[in-house]
Amino acid sequence: MPQEAMPHNLVGFAANPEQAEEEAEEAKSALIASLPAEHVHLRWKYANETIQLYERRLRSLEAYGVGSALRAWIRSRLEWVSDNKLSDAPDGVIDIDIDPEGDVKIDLQECEPMPSFTLDELVWEDDTLTGCTAGATLWVVVDGSLTPLTQQLRASADTLTRDLAKTLGYEICERSFTRDELGLGADSVEPLEDIEFFAVDDEFGLVPCTDLSGEVTQKFVDCFDKLWTLED
C-alpha cells in the first residue's frame, strides 16, 4: 500500500531500530489482515475544500469488509489530503481503490457530469424492478414509504437517506415491485399516481428520475443540496 505522496507520521515510533522494525512488521500484518475479501472502489464527492459526511463515510468502510487497521490508515491519508491538497482542487471526487491483494490507492479527481435517468432506464429482471442505469441505488417512493432496491445499505449517501427518511417521518420498507404493481406494465395506461423514483450515490448525491419525481424527492434533493454547501 504505497504512501509516496504522504509523509510518514513519526509520532510513537520506537527509538530502538530493532523495536521500530518489529512494530513496522506488526503494523503491516494488521493492514494485510484488514484488507477486504473483494475489490472495493468508492468515489466520494467533496465540495468547498470539505469532505462532507466524513465520519459517516469512514464508518461505511466496515460494511465493505475493510478492517479497523486499514480504516485508520485511510483516515490518516484523508487527513493529509485535506490539509495539503483540497485547496488546490476545492471541488471534486476522492477516488478510493482497494485491491484485496494489498494495493490501496487514494486519488483526487474531477467531478463527472451528473447522470440522469428516465423510466426507460429502469432495470428489470423478468418483470421485477432491480435498479436503474444511473449506477446508483434506486429508491422507490410509493404512498409515502421509501424502499431502497439493494440488499444492504452500505454507501454513506444511502444510510444518510435512510436516516433523513426517519427524521422526516417516512417509513422504510423492504419489498420488491413488479411492472404491473407500479402501473408500468405493457397494458398500463399510466404509472401509479403516488410513485416517485430517485437514485442515491456517494459521487453524485441524489439523482431524481426525470419522468417521476415529486414532493418527497424534492425534500431529499433540498437536504442533499444543503450538504454540499456546508463548509468547515
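The model shown is predicted, which means the values in this text are computed figures rather than measured ones.

Overview of the sheet that holds strand E8 (residues 171-172)
Here is step 1: Pairing is mixed in the open sheet, where 5 strands are placed in the order E8-E7-E6-E9-E10. What marks the edges here is a single partner per strand, and that holds for E8 and strand E10 (205-208).
Here is step 2: Judged from the 6 bridges that link them, strand E6 (residues 137-142) and strand E9 (residues 195-201) form a sheet pairing that is antiparallel. Bridge pairing links Trp-139 to Phe-198 in E9.
Here is step 3: Packed onto the sheet, helix H4 (residues 156-168) meets E6, strand E7 (145-148), E8 and E9 and runs at close to 135 degrees relative to E9.

Considerations on the pattern of salt bridges
Here is step 1: Using the criterion set out here, one finds 8 salt bridges in the structure.
Here is step 2: In this structure, Glu-203 and Arg-43 form a salt bridge, with 2.8 Å as the shortest nitrogen-oxygen distance. Of this pair, Glu-203 sits in the loop between E9 and E10 while Arg-43 sits in strand E1 (residues 40-46), placing them 160 residues apart in sequence. A single burial state applies to Glu-203 and to Arg-43, both of which are buried.
Here is step 3: In this structure, Asp-103 engages Lys-105 in a salt bridge whose closest nitrogen and oxygen atoms are separated by 3.8 Å.

About the thresholds
- Residues numbered from 1 in each chain as written.
- Predicted model: local features only at pLDDT ≥ 70, side-chain atom pairs only at ≥ 80, totals over all residues.
- Heavy atoms only, no water.
- Pairing = 2+ DSSP bridges.
- Helix = DSSP H or I, 4+ residues; strand = E, 2+ residues; numbered from the N terminus.
- Contact = heavy atoms within 4.5 Å.
- Axes fitted to C-alpha atoms, helices over the stretch in contact; angles between N-to-C directions.
- Salt bridge = Lys/Arg side-chain N within 4 Å of Asp/Glu carboxyl O.
- Buried < 20%, exposed > 50% of the residue type's maximum accessible area, 1.4 Å probe, protein only.

Note that all results are geometric; they support no functional claim without further evidence.
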